[in-house]
Amino acid sequence: MACDCALAPSREPVAGSAPARATPIPLSNPILNLAGIVQDSIVDGPGIRCAIFAQGCSHACPGCHNPATHPFGIGVDIGVEEIVSLVRSNPLVSGVTLSGGDPFFQAEGFSVLAARLKRLGYEVAAYTGFTWESLLSSRDPSVQDLLRNLDILVDGPFSLAERDLSLRFRGSGNQRVIDVKKSFAADAARSDAVFAPILCAERRWVG
Ligand code: SF4
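Note that the coordinates shown come from a computational prediction; the quantities given were computed from them, not determined experimentally. (Residues numbered from 1 in each chain as written. Predicted model: local features only at pLDDT ≥ 70, side-chain atom pairs only at ≥ 80, totals over all residues.)

K.L.:
Any chance you could explain the pairing of strand β5 (residues 123-127) here in plain terms?
P.N.:
Residues in a regular strand project their side chains so that they alternate between the two faces of the sheet. Most of β5 is tucked away, with four of its five residues classed as buried. Two elements, strand β4 (residues 95-99) and β5, share four bridges in a ladder whose sense is parallel. Directly across from V96, in β5, lies its bridge partner V124. Bridge analysis of β5 against strand β6 (residues 152-155) gives three bridges, and the strand direction is parallel. Each bridged residue has a counterpart across the sheet, and for A126 the counterpart in β6 is L153. (Buried ≥ 20, exposed ≤ 12 C-beta atoms within 10 Å, placed from the backbone. Helix = DSSP H or I, 4+ residues; strand = E, 2+ residues; numbered from the N terminus. Pairing = 2+ DSSP bridges.)

K.L.:
Can you help me understand the site of the ligand in this one?
P.N.:
In the neighbourhood of the ligand, 13 residues make up the surrounding shell, with C57, C61, C64, G129 and F158 lying closest. Classifying every residue of the shell around the ligand gives six nonpolar, six polar and one charged. (Near = placed C-beta within 6 Å. Nonpolar A, V, L, I, M, F, W, Y, C, P; charged D, E, K, R; others polar.)

K.L.:
What am I meant to see in the pairing of β6 here?
P.N.:
Of the two faces of β6, both are covered, the one formed by I152 and V154 as well as the one formed by L153 and D155. Here four bridges tie β6 to strand β7 (residues 176-179), and the two strands are oriented antiparallel to one another. What sits directly across from L153, in β7, is I178.

K.L.:
Mind showing me how you'd approach the sheet that holds β7 here?
P.N.:
What holds strands together in a sheet is hydrogen bonding between their backbones, with the strands either parallel or antiparallel. What the seven strands build is an open sheet, ordered β3-β1-β2-β4-β5-β6-β7; its pairing is mixed. Each end of this open sheet is capped by a strand with a single partner; those strands are β3 (76-79) and β7. Strand-to-strand twist in this sheet, taken as the mean axis angle between neighbours without regard to direction, amounts to 30 degrees. Helix-sheet contacts for helix α1 (residues 80-88) involve β1 (31-41), β2 (49-54), β3 and β4, and the interaxial angle to β3 is about 85 degrees. Running at roughly 40 degrees to β1, helix α2 (residues 107-119) makes contact with β1, β4 and β5 of the sheet. (Axes fitted to C-alpha atoms, helices over the stretch in contact; angles between N-to-C directions. Contact = placed C-beta atoms within 7 Å.)

This is the structure:
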């Protein structure tokens, strides 16, 4: 996966300026640590999408093609509102894909970003090395918020043994393209906290 970072990392201290973290971070504009942003991706989901790559992942999948995104905290810090502005600057973009790394390790900030993008009408998808069931089991409310602000979730770690180049928008057969909205809608009449997802049947996602 190419992380053509559209953000010029600027870590040089500016004489006389306050340290970057000295100003309290407003809750409405949390800071995300990113490996990069591709503003016109055609490989991270259907259509022209803005792909946002989180920095940090500890799943350690053998065969991962993006190991540079594994260390935490070494990416570029950027606020949610700045990311939203970048997304909106390309009128051809109809969807946004959260990838990495793994965005669920920064669930609080990504949940705010996903909610903002949903309100603006973008289809929001996310890739994660966690399974749907493990995310549903999480007691972290930010994880639940992020999940519920997604349209599509591609879940599970990359499995080298199940690698399949014929699959659309996923690398191995164990990964599922989940219709998050339908999954939660179907749960409305159920009481179990962890329930099976409804898989996406849209050809544009699963071919
Ligand atoms: S979840 Fe993704 S980024 Fe993380 S190790 Fe697995 S394949 Fe790599």
